[in-house]
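Descriptive structure summary
This is what each chain is made of:
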Amino acid sequence: MARKQRNNEIDWTDDEEEIIWVSKSEIKRDAEQLKKLGENLIHLTPANLAKIPLDDSLREAIELAQRLRLEARRRQIQYIGKLLRNRDPEPIQEALDKVENRHNQQLALLQKLEQTRDHLLEQGDGALNPLLDEYPHLDRQHLRNLIRSAQKEKQANKPPKNYREIFQYLKQMIAEQG
């Protein structure tokens, strides 16, 4: 740090780096975001948690928080937020976003399959051809039988066994293999 004096003024200059002032409110907002990140991590399944790059102490704290309830869990979340302040949260947030996005994509696909099933029941063979054009590996005859049986169940006010089976078949053939 160099000291220069001009006309009774002292000018303190820092040759290395400039001091950046952070407000107390900004520090609190950042801490709150890290606490929310920790809370999101707590709600993950063990399989999804394994996909997140965490060190051992943070992983143990999260696993403990998953077992705790009420006030103890709240304090543990505070602790997890504190641990996250000493780490770079970017890789953790990116991995969490990937896991959540995959989950959102899966939900959207299941909703699409439900709509497809309803469309098949309303339109019959007219809706079956475009579906088979899009997914040629589907069994036309099996689907036609399921659709007819589901329509008969609906007319007879029977339990929707084939209605559910259409969804399961589409899910198996499209979601898991498609």
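All values derive from a computational prediction rather than experimental measurement. All chains use their own residue numbering, which begins from 1 and follows the written sequence. In keeping with the predicted nature of the model, local features appear solely for residues at pLDDT of at least 70, side-chain atom pairs appear and are counted solely at 80 or more, and the whole-chain, interface and lining totals rest on all residues. In computing side-chain values, all of the structure's heavy atoms are included and hydrogens and water are not.

Here we look at the nonpolar core
Counting residues in hydrophobic clusters, the biggest one holds 20 residues, and the most contacted among them are Leu41, Ile52, Leu54, Leu58, Ile62, Ile80 and Ile92. Working definition: helices are DSSP H or I runs of at least four residues, strands are E runs of at least two. Numbering for both runs from the N terminus. Where this core is concerned, the elements lending two or more residues are helix H1 (24–42), helix H3 (56–67), helix H4 (70–85) and helix H5 (89–123). The contact definition used throughout considers only heavy atoms, calling two residues in contact when any of these lie within 4.5 Å. Ignoring sequence-local partners within four residues, the contact set of Ile92 consists of Leu37, Leu41, Ile52, Pro53, Leu54, Leu58 and Leu84. Grouping buried Ala, Val, Leu, Ile, Met, Phe, Trp, Tyr and Cys residues that are joined through side-chain atoms within 4.5 Å yields what is termed a nonpolar core. Relative accessibility under 20% of the residue-type maximum defines a buried residue, over 50% an exposed one, and the middle range a partly exposed one, all with a 1.4 Å probe and only protein chains included. Listed in part, the 19 residues of the second largest apolar core include Ala127, Leu128, Leu138 and Leu170.

Here we look at a negative patch on the surface
What goes into a patch is any residue over 30% in relative accessible area without a salt bridge, connected to like charges within 9 Å or, for nonpolar side chains (Val, Leu, Ile, Met, Phe, Trp, Tyr), within 5 Å. Accessible surface is estimated by sampling points in the Shrake-Rupley manner with a 1.4 Å probe; for residues, cover comes only from the protein chains shown. A side-chain nitrogen of Lys or Arg and a carboxyl oxygen of Asp or Glu constitute a salt bridge if their distance falls within 4 Å. His is not counted, nor are the chain ends; Lys and Arg add positive charge and Asp and Glu add negative charge. Charge positions are represented by NZ for Lys, CZ for Arg, CG for Asp and CD for Glu. A cluster of acidic side chains, namely Asp88, Glu90, Glu94, Asp97 and Glu100, defines a negative patch on the protein surface. Its place among the elements puts Asp97 in helix H5.

What about the side chain of Asn162?
Position of Asn162 relative to the elements: it lies in helix H8 (residues 161–175). When its relative accessible area of 13% is taken as the criterion, Asn162 is described as buried. Within the local environment of Asn162, its side chain forms a polar contact with the side chain of Glu153, the two groups lying 2.7 Å apart. Apart from the residues within four sequence positions on either side, Asn162 is in contact with Leu146, Ser149, Ala150 and Glu153. Here a polar contact means two N or O atoms within 3.5 Å. Within protein one must be a hydrogen donor candidate and the other an acceptor candidate, and residues neighboring in sequence count only if both atoms are side-chain atoms.

Looking at the pattern of salt bridges
It is possible for side chains bearing opposite charge to pair when their charged atoms get close. A complete count under the given rule lists 6 salt bridges for this structure. Linking Arg87 and Asp55 is a salt bridge whose minimum nitrogen-to-oxygen distance equals 2.5 Å. With a gap of 32 residues between them, Arg87 in the loop between H4 and H5 and Asp55 in the loop between helix H2 (46–49) and H3 connect regions that are remote in the sequence. Overall, the relative accessible area of 33% leaves Asp55 in the partly exposed class. Salt-bridge contacts for Glu71 lead to Arg74; the nearest nitrogen and oxygen are separated by 2.6 Å. Of this pair, Glu71 and Arg74 both sit in helix H4, 3 residues apart, which is roughly one turn of the helix.

What about the packing of H3 against H4?
The contact between H3 and H4 brings their axes to 9 Å, and the two run at 165°. It follows from the interaxial angle that H3 and H4 lie roughly antiparallel. Between H3 and H4 the crossing geometry is left-handed. On the side of H3, the interface is formed by Ser57, Leu58, Ala61, Ile62, Leu64, Ala65 and Gln66, while H4 contributes Arg73, Gln76, Tyr79, Ile80, Leu83 and Leu84. Under this grouping Gly is polar, as are all residues other than the nonpolar Ala, Val, Leu, Ile, Met, Phe, Trp, Tyr, Cys and Pro and the charged Asp, Glu, Lys and Arg. When grouped by side-chain class, the residues that make up the contact of H3 with H4 number 9 nonpolar, 3 polar and 1 charged. Here the axes come from fitting lines to C-alpha atoms, over the contacting stretch only for helices, and the angles between their N-to-C directions go from 0 to 180 degrees. Oblique is the label for any angle not under 35 degrees, not over 145, and not in the 65 to 115 range, which are roughly parallel, roughly antiparallel and roughly perpendicular in turn. Handedness of a helix crossing follows the sense of rotation of the near helix relative to the far helix, less than a right angle counterclockwise being left-handed and clockwise being right-handed.

With respect to the environment of Pro53
When you line up the elements, Pro53 lands in the loop between H2 and H3. For Pro53, a relative accessible area of 46% corresponds to the partly exposed category. Measuring from C-alpha to C-alpha, the distance between Pro53 and Ile92 comes to 6.0 Å, with 39 residues separating the pair along the chain. What Pro53 contacts, discounting residues up to four positions off in sequence, is Pro91, Ile92 and Ala95.

Observations concerning the UniProt feature "coiled-coil region" (unreviewed entry) in the protein
UniProt positions are given in the numbering used here, feature names are shortened, and annotations may be inferred rather than shown by experiment. Mapped onto this numbering, the UniProt entry annotates "coiled-coil region" (unreviewed entry) at residues 96–123. Helix makes up 100% of residues 96–123 and strand 0%, with an end-to-end C-alpha separation of 40 Å.

Points about H5
Under the convention used throughout, the expected extent of a helix is 1.5 Å for every residue step, that is, one less than its residue count. Helix length check: H5, at 35 residues, gives a terminal C-alpha distance of 50 Å against a target of 51 Å (1.5 Å per residue), a fit within 8%. Every buried residue belonging to H5 is among Ile92, Ala95, Leu96, Val99, Leu113, Thr116, Arg117, Leu120 and Leu121, and all of these are buried.

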